[in-house]
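Remarks on the overall topology
So you can see what is in the structure, the chains are spelled out below.
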Amino acid sequence: MEEHGMSREGIESLLQEKKLKDLSYESVLSSMCTYPHEISAYAHNKFLESNLGDSGLFPGTKEMEDEVIRMIGALLGNENAFGYISTGGTESNIQAIRAIGNRKRREGLSEMNIIVPETAHFSFDKIADILGIEVRKAALDEELKVAVNSVEELINDKTICVVGIAGTTEFGQIDPLKEISEIAKEKDIFLHVDAAFGGFVIPFLEEKYEFDFSLEGVSSISIDPHKMGMSTIPAGCMLFREELYLEELAVPTPYLTTKEQCSLIGTRSGASVAATFAVLKYLGREGLKGIVSECMRLTRMLVRGAKEIDIPPVIEPVMNVVTLSFPATEVGRVANALEGRGWRVSVTRVPKALRLVIMPHVKEETVKTFLEDLEDVV
Ligand SMILES: *Cc1c(COP(=O)(O)O)cnc(C)c1O
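In this text the structure is predicted, and so the values were computed from the model without any measurement. (Residues numbered from 1 in each chain as written. Predicted model: local features only at pLDDT ≥ 70, side-chain atom pairs only at ≥ 80, totals over all residues. Heavy atoms only, no water.)

Moving on: the overall build of the protein. Summing up its helical and strand segments, the protein has 11 helices and 12 strands in all. With the C-alpha coordinates of the protein rotated into their principal frame, the extents come out at 65 × 60 × 45 Å. Counting every atom, the protein has about 17,700 Å² of accessible surface; 50% of that belongs to carbon and sulfur. Of the charged side chains in the protein, 40 are positive and 59 negative, and the gap between their average positions amounts to 1 Å. (Helix = DSSP H or I, 4+ residues; strand = E, 2+ residues; numbered from the N terminus. Areas by Shrake-Rupley, 256 points an atom, 1.4 Å probe, with all protein chains shown as cover. Lys, Arg positive; Asp, Glu negative; His and termini not counted. Charge placed at Lys NZ, Arg CZ, Asp CG, Glu CD.)

Now the structure itself:
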């Protein structure tokens, strides 16, 4: 830091210079984030100083959080769910496993494992590390959903949790949660659903899928307002069916206005809670459905266009994630060539494919231009 501060104008031009180095989302097809809705940005700005880590000082913000939890709970089949607004899917996943882990440890279990699909988000590798829990990876079926028999085979007397994914990060696939829920219920195992991406998509698809608290075996859900919920970063959401699991996370907070804290982090953004509250109220289910419908229309258009130039999808898209099949030796070259033309795309692990996420910032014109470039580079 310099001894003397800079002028306001100096700072503004410095920021502008940095901003120009960042990409704008228009050519980004690799991200699950997007521009926040205008109303989210407005609400975020209005509550910049609000800290839910000490929520007694911000009862208005806390009221918004409580209502957001009710709104998202109701969207996911349980308006009486318990939870809080986290920093994202990673924190929600950590907290879900920490809650059931704490409970089992108090019950006397010392060695534990959880079972996740091979397609699980890398946050589960962090969980293995932080919580010292073995993470067992279940195999997939040919549609890249978790194979139920593989999950069953991996369960043993140390298994404290099974994780199912509603919208896998790489392929946008939904695990057979109805069957997994039945296994969880029968064996009395905690079932966590990672709907970080799919939670704000699946309820609005034309095709209906069972994935949420309407399935009796589902114990907790992670869903991210900062992905398809059009909120600002950081906004994740952690929901439990039963309050006792939220209480497993409580730590006493002696010098604050509240007695205890359940979040992983301390100081916590009230701004992104206000943003989430505002955008859910503003759009309503109808507005969110409109956004998802448009993303799905463009997703289908992209897949149709790719098929016309003989590039098949790995799976018929379930949500607004498209993966295109290429020979393993080709996919890197295609991705690089597209990047050379200004696109940002990504490549999946297994099977190797070109991955494109059709977020709300993607427009019809973008899809058309992308398809022309794709045809050119192949
Ligand atoms: C994005 C994602 C996460 C991680 O969420 P962050 O908000 O990046 O922490 C976890 N699970 C799934 C399925 C995701 O798509």
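Here the narrative resumes, following the displayed structure.
Moving on to the layout of surface pockets. Its boundaries defined by the atoms lining it, the largest pocket holds a volume of some 480 Å³. For the largest pocket, the lining is made up of 22 residues, of which Lys62, Gly83, Tyr84, Leu246 and Cys262 are closest to its centre. Looking at the lining of the largest pocket, the elements with two or more residues in it are helix H3 (59-75), strand E1 (82-86), helix H8 (243-247) and strand E9 (260-261). Among the elements that line the lining of the largest pocket, the one with the most residues is H3, at five residues. Split into classes, the residues belonging to the lining of the largest pocket amount to seven nonpolar, six polar and nine charged. (1 Å grid on protein atoms, 1.4 Å probe; cavity = no way out; pocket = protein on both sides within 12 Å on 5 of 7 lines; lining within 4 Å. Points joined across faces, edges and corners; volume = space filled by probe spheres on them. Nonpolar A, V, L, I, M, F, W, Y, C, P; charged D, E, K, R; others polar.)

A contiguous nonpolar surface patch, about 360 Å² in accessible area, is contributed by Met6, Ile11, Leu14 and Leu15. Among the residues examined, Ile11 registers a relative accessible area of 36% and is labelled partly exposed. (Patch = residues over 30% accessible without salt bridge, like charges linked within 9 Å, V, L, I, M, F, W, Y side chains within 5 Å. Salt bridge = Lys/Arg side-chain N within 4 Å of Asp/Glu carboxyl O. Buried < 20%, exposed > 50% of the residue type's maximum accessible area, 1.4 Å probe, protein only.)

This part takes up the packing of helix H9 (residues 270-308) against helix H11 (residues 364-377). At a minimum axis distance of 10 Å, the contact between H9 and H11 shows a crossing angle of 15°. As far as their axial angle goes, H11 and H9 are roughly parallel. Between H9 and H11 lies a crossing whose hand is right-handed. Within the contact between the two elements, H9 uses Arg297, Leu298, Met301, Leu302, Gly305 and Ala306 and H11 uses Glu364, Val367, Lys368, Phe370 and Leu371. Across the contact of H9 with H11, the residue classes tally to seven nonpolar, one polar and three charged. (Axes fitted to C-alpha atoms, helices over the stretch in contact; angles between N-to-C directions. Parallel < 35°, antiparallel > 145°, perpendicular 65-115°, else oblique. Left-handed = near helix turned anticlockwise from the far one by under 90°. Contact = heavy atoms within 4.5 Å.)

Attention shifts here to the domain arrangement of the protein. Partitioning the protein into domains gives domain 1 (8-36 + 284-377) and domain 2 (38-280). Tallying the contact residues gives 28 residues for domain 1 and 34 residues for domain 2. Three residues, Met32, Pro36 and Met319, lead the burial of domain 1 against domain 2; their summed loss comes to 24% of the area buried on that side. Within the residue set of the side of domain 1 that touches domain 2, elements represented by two or more residues are H9, strand E10 (321-325) and strand E12 (353-357). By residue number, the principal contributor to the side of domain 1 that touches domain 2 is H9, which donates eight residues. A per-class count over the side of domain 1 that touches domain 2 returns 19 nonpolar, five polar and four charged. (Domains from an automatic or database assignment. Buried area = accessible area lost by both parts, 1.4 Å probe.)

What follows covers helix H7 (residues 177-187). Restricting attention to buried positions, one finds in H7 the residues Leu177, Ile180, Ser181, Ile183 and Ala184. Taken down its axis, H7 places every buried residue within 160° of arc, on the same side. Where the residues of H7 are buried, they touch helix H6 (148-154), strand E4 (159-165), strand E5 (190-194) and strand E6 (218-223). Just beyond H7, the residue with positive phi is Asp188, at close to 55°. (Arc of directions from axis to C-beta.)

Attention shifts here to the pattern of salt bridges. This structure, assessed with the given rule, holds 25 salt bridges. Within the structure, one salt-bridge network assembled from shared partners comprises Arg103, Lys104, Arg106, Glu107 and Glu248.

Once that is clear, we can look at the nonpolar core. Proteins that are soluble and globular tend to have nonpolar side chains buried together. Ranked by size, the top nonpolar core spans 62 residues in total, and within it Ile72, Phe197 and Met228 carry the most contacts. Secondary-structure elements contributing two or more residues to this core are helix H2 (38-46), H3, H6, H7, E5, E6, strand E7 (236-240) and H9. With 12 residues, H9 is the single largest residue contributor to this core. Looking at which domains feed residues into this core, each of domain 1 (8-36 + 284-377) and domain 2 (38-280) gives three or more. In terms of nonpolar packing, the next biggest core, distinct from the first, is built from 26 residues, Met301, Ala306, Val322 and Leu374 among them. (Core = buried A, V, L, I, M, F, W, Y, C linked by side-chain atoms within 4.5 Å.)

Attention now goes to unusual backbone geometry. When glycine is set aside, most residues are seen to have a negative phi, and most peptide bonds are trans. Of note, the bond from Ile233 into Pro234 is cis; its omega dihedral lies within 30 degrees of zero at 5°. Along the chain, the position of Pro234 falls in the loop between E6 and E7. With omega at -15°, the peptide bond leading from Val350 into Pro351 counts as cis. Structurally, Pro351 can be placed in the loop between strand E11 (346-347) and E12. Phi angles above zero are rare outside glycine, and Asp188 is one such case at about 55°. Under the relative-accessibility criterion, Asp188 is labelled exposed at 68%. In this model, Met230 sits at a positive phi of 65°, which is unusual for a non-glycine residue. Structurally, the position occupied by Met230 is in the loop between E6 and E7.

With that settled, consider the packing of aromatic side chains. Applying the stated criterion across every chain, the model contains four aromatic pairs. With a centroid separation of 5.2 Å and 90° between ring planes, the pair formed by Trp343 and Phe370 is classed as edge-to-face. Taken together, the residues span a long stretch of sequence, with Trp343 in the loop between helix H10 (328-340) and E11 and Phe370 in helix H11 at a distance of 27 residues. A single burial state applies to Trp343 and to Phe370, both of which are buried. Grouped by ring-pair contacts, the aromatic residues Phe190, Phe240 and Tyr245 constitute a single cluster. (Phe/Tyr/Trp six-rings, centres within 6.5 Å; stacked < 30°, edge-to-face > 60°.)

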